[in-house]
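Per-entry structural report
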Amino acid sequence: MSEAISREPGPGAFAALLRQQRVWDVDLPRFDPDAAPAEPTALFHDWFADACAAGQVEPHTMQLATVDADGGPDVRTLMLHGAADGVWHFASHSGSRKGRQLAAHPRAALHFYWAARGRQIRIRGTVTTATAAESSADLHARSTGALAAALTGRQSEPLASLAKLASASTAAWDRARREPDAEVPTWTLYELAAEEAEFFQGEAHRQHVRLRYRRAGGRWERGLLWP
């Protein structure tokens, strides 16, 4: 890349740089939807383990999409905290932007993208909160850094300066080390009960395989989608 492009790309240079990018310069796995399990969590577990084995960077990160009070969409990247029996878990402060949005509109979507395998997974459903005890256990099962970040608090609030953040973070780290069992009342474990889950397998000739699970009463229905 030239110095001019790296320093300040203009519209033409950006377009050229964009067109140079390629996807899936790796051997992609085959996906036989007929051999997929009857419910989506088992397939998610298989694909997650495969992504880890393939060296996918941060396979446990995902995108969470919500809507605000006016119906405006919002999305951010955060960590997956668990997946079992058709329920995916994540956590945040109840007073954060995502927490307020979920309180007003308790429906959301998750998205995983694992470029190392040309795979993505989309999940939509209804979100509920776990108990205070479960939320506390989730927090304290994590690292000291995670507890320090939670103790820093004030997520999504306006920040006057980076110095303010540094001071609050230092104090939070000190407390997390002294009090590994410190409680953070706003820390909330969320549970997304999937109503729909789609598994996408990329294919070099663009014959991508898309398998969608949809909950119908107490069972899952499966079907293919055009790519």
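Definitions and cut-offs
Residues numbered from 1 in each chain as written. Predicted model: local features only at pLDDT ≥ 70, side-chain atom pairs only at ≥ 80, totals over all residues. Heavy atoms only, no water. Salt bridge = Lys/Arg side-chain N within 4 Å of Asp/Glu carboxyl O. Buried < 20%, exposed > 50% of the residue type's maximum accessible area, 1.4 Å probe, protein only. Helix = DSSP H or I, 4+ residues; strand = E, 2+ residues; numbered from the N terminus. Core = buried A, V, L, I, M, F, W, Y, C linked by side-chain atoms within 4.5 Å. Contact = heavy atoms within 4.5 Å. Phe/Tyr/Trp six-rings, centres within 6.5 Å; stacked < 30°, edge-to-face > 60°. Lys NZ or Arg CZ within 6 Å of the ring centre and 35° of its normal.

What to know about the pattern of salt bridges
Throughout the structure, instances matching the rule amount to 13 salt bridges. The salt bridge involving D74 is made with R76; its shortest N-O contact spans 3.7 Å. A relative accessible area of 16% places R76 in the buried class. Of the charged contacts in the structure, one is a salt bridge between D174 and R177, with a shortest N-O distance of 3.8 Å. In this pair, D174 and R177 are both assigned in helix α7 (residues 162-178), 3 residues apart and thus about one turn of the helix distant. The exposure class assigned to D174 is partly exposed, which follows from its relative accessible area of 36%.

What to know about unusual backbone geometry
Backbone geometry places R154, a non-glycine residue, at a positive phi of 60°. Position of R154 among the secondary structure elements: in the loop between α6 (144-152) and α7. Exposure remark for R154: the relative accessible area of 61% places this residue in the exposed category. In this model, R206 sits at a positive phi of 65°, which is unusual for a non-glycine residue. Here R206 lies in the loop between β7 (187-201) and β8 (209-216). Of the residues examined, R206 reaches a relative accessible area of 52% and is grouped as exposed.

So, the nonpolar core
Counting residues in each nonpolar core, the largest one holds 29 residues, and the members touching the most others are F44, W88, F90, L110, F112 and I123. Sort the elements by how many residues they give to this core and β7 lands first, with 5 residues. Setting aside residues up to four positions removed in sequence, F90 forms contacts with M62, L64, L78, M79, H81, L102, L110, V127, T188, L189, Y190 and L192. Ranked by size, the runner-up nonpolar core spans 13 residues in total, among them A172, A176, W187 and L189.

Details of the packing of aromatic side chains
Counted by the stated rule, this structure contains 12 aromatic pairs. Here the aromatic rings of W24 and F200 are separated by 6.4 Å at their centres, their planes lie at 40°, and the arrangement is tilted. Highlighted residues: W24 in the loop between α2 (11-20) and α3 (40-53) and F200 in strand β7, separated in sequence by 176 residues. For the pair W24 and F200, one class covers both residues: buried. Between the aromatic rings of F44 and F112, the centroid separation amounts to 5.0 Å while the plane-to-plane angle is 65°, which identifies the pairing as edge-to-face. Of this pair, F44 sits in helix α3 while F112 sits in strand β5 (residues 107-114), and the two are 68 residues apart along the sequence. For the pair F44 and F112, one class covers both residues: buried. Grouping aromatic residues by their ring pairs yields a cluster made of F31, W47, F199, Y213 and W220. When the ring centre of W47 is taken as origin, the NZ or CZ atom of R119, which lies over that ring, is 4.1 Å away.

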